[in-house]
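# Observations on chain architecture
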Amino acid sequence: MSPKLILIEGSDSLSEFEIINQEYLLGRVAPADILIPGSGVSGRHARVFQRGNDLLIEDLGSTNGTFVNGNRIAGPAILNDGDEIGLGQTVRLRVASPGAQPVEPGQATELEPLGGTMLESEPKPVPPPVRIPTPPPPAPEDPRATVVGDMDASGAPPQLQVSIAGGASRTHELNRVQVTIGREPGNDIVIDSRIVSRQHARLERMGDGGYRLVVLSTSNP
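All of the points below concern the structure found in this document. In this text the structure is predicted, and so the values were computed from the model without any measurement.

Moving on to the overall build of the chain. When you go through the chain residue by residue, the secondary structure sums to 0 helices and 20 strands. Considering only intrachain contacts with a sequence separation of at least 6, the fraction spanning at least 24 residues in the chain is 36%. Only carbon and sulfur atoms are counted for the fraction: they give 51% of the accessible area of the chain, which is about 14,300 Å².

For the largest pocket, the calculated volume is near 310 Å³. Lining the largest pocket are 16 residues; nearest its centre among them are Val162, Ile181, Ile191, His200 and Leu213. Within the residue set of the lining of the largest pocket, elements represented by two or more residues are strand E15 (159–162), strand E19 (201–205) and strand E20 (211–215). Sorting elements by how many residues they give to the lining of the largest pocket places E15 first, with 3 residues. Split by residue class, the lining of the largest pocket holds 12 nonpolar, 4 polar and no charged.

Turning our attention to the sheet that holds strand E2 (residues 16–18). Pairing within the open sheet is antiparallel, and its 6 strands lie in the order E2-E1-E11-E10-E7-E8. The open sheet has two free edges, formed respectively by E2 and strand E8 (71–72), since each of these has just one partner strand. Relative to E8, strand E7 (residues 66–68) runs antiparallel, the two sharing 2 bridges. Considered in E8, the bridge of Val68 is made with Asn71.

This brings us to the pattern of salt bridges. Counted under the stated rule, the structure contains 10 salt bridges. Among the salt bridges present, the one from Arg92 reaches Glu9, with a minimum N-O distance of 2.6 Å. Of this pair, Arg92 sits in strand E11 (residues 91–96) while Glu9 sits in strand E1 (residues 4–9), and the two are 83 residues apart along the sequence. Glu9 gets classed as partly exposed once you look at its relative accessible area, which sits at 36%. For Arg212, the salt bridge identified is with Glu204, shortest N-O distance 3.2 Å.

Two strands pair when backbone bridges link them, and strand E17 (residues 178–182) and E19 are joined in this way by 4 bridges, in the antiparallel orientation. Paired with Ile181 across the two strands is Ala201, which belongs to E19. Sheet topology note: the E19/E20 ladder contains 5 bridges and is antiparallel. Across the sheet, the residue bridging to Arg202 is Val214, located in E20. The hairpin formed by E19 and E20 contains 5 residues between the paired strands, and Gly209 there has a positive phi angle of roughly 95°.

A few words now on the nonpolar core. Ranked by size, the top nonpolar core spans 21 residues in total, and within it Leu5, Ile36, Ile57, Ile85, Leu87 and Leu93 carry the most contacts. If you look at the next biggest cluster of nonpolar residues, it comprises 9 residues, including Leu174, Val179, Ile181 and Val196.

A separate point is unusual backbone geometry. Both trends apply: most residues other than glycine have a negative phi, and most peptide bonds are in trans. With omega at 15°, the peptide bond leading from Ala30 into Pro31 counts as cis. Along the chain, the position of Pro31 falls in the loop between strand E3 (23–27) and strand E4 (34–35). Look at Asn69: it is not a glycine, yet its phi comes out positive at around 55°. Considering the arrangement of structural elements, one finds Asn69 in the loop between E7 and E8.

Attention shifts here to the side chain of Ser42. Assignment of secondary structure puts Ser42 in the loop between E4 and strand E5 (46–51). Here Ser42 falls in the buried class, since its relative accessible area comes to 12%. Those residues in contact with Ser42, other than ones at most four positions away along the chain, are Gly27, Arg28, Ser62 and Thr63.

What follows is about the environment of Arg202. Looking at where Arg202 falls in the secondary structure, it is placed in strand E19. C-alpha separation for the pair Arg202 and Gly182, spaced 20 residues apart in sequence, amounts to 8.7 Å. With sequence-adjacent residues up to four places away left out, Arg202 is seen in contact with Gln178, Val179, Thr180, Arg212, Leu213, Val214 and Leu216. Only 2.8 Å separates the side chain of Arg202 from the side chain of Glu204, close enough to count as a polar contact.

What counts, and where the lines are drawn
Residues numbered from 1 in each chain as written. Predicted model: local features only at pLDDT ≥ 70, side-chain atom pairs only at ≥ 80, totals over all residues. Heavy atoms only, no water. Helix = DSSP H or I, 4+ residues; strand = E, 2+ residues; numbered from the N terminus. Contact = heavy atoms within 4.5 Å. Areas by Shrake-Rupley, 256 points an atom, 1.4 Å probe, with all protein chains shown as cover. 1 Å grid on protein atoms, 1.4 Å probe; cavity = no way out; pocket = protein on both sides within 12 Å on 5 of 7 lines; lining within 4 Å. Points joined across faces, edges and corners; volume = space filled by probe spheres on them. Nonpolar A, V, L, I, M, F, W, Y, C, P; charged D, E, K, R; others polar. Pairing = 2+ DSSP bridges. Salt bridge = Lys/Arg side-chain N within 4 Å of Asp/Glu carboxyl O. Buried < 20%, exposed > 50% of the residue type's maximum accessible area, 1.4 Å probe, protein only. Core = buried A, V, L, I, M, F, W, Y, C linked by side-chain atoms within 4.5 Å. Polar contact = N/O pair within 3.5 Å; in protein donor to acceptor, adjacent residues only side chain to side chain.

The following block contains the structure:
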């Protein structure tokens, strides 16, 4: 006698269906051969087919999955007498194969095609974990560097005000990429004071328009 699918939960439209042909489409709407209008059943949910002496089931990309004995299948799986098929979480069918030797329900045996022949799939090796390299720590800031100003909101270049004890203060507009400061006349900003080195410091423009101060002489920081 031919095997049967017996509905045990999820719909009243089907009680049992005898598997006579080589293949049957299970789904919620036509052209499915076995119509099961359950809420969790896709239009084309799965197919049941015979290959040799085996009865198999294969999910057809359903939304809620196909299960055999509670295990979701990813490829064709062999069905044995007494196995339970789940279409989503709401519909269950039982396989009845008259005259078949009873098989203890358990893990579904999934198959995969290889050169046109269905073979039992071996466990796929687990890929090694992907190690994300730790980024290198940021380069230490020059301990002699100090941020001294930002670009004005109006877009005007920043200014540096220099005050010397006993003298008038002077304001210098910073409009170069680098501005040298020191006692010698060749510097961009000349400060005539004995405590200032010949080439004392340098102002460097940063990406945001501000400047940082780099001390060049350690004798009079």
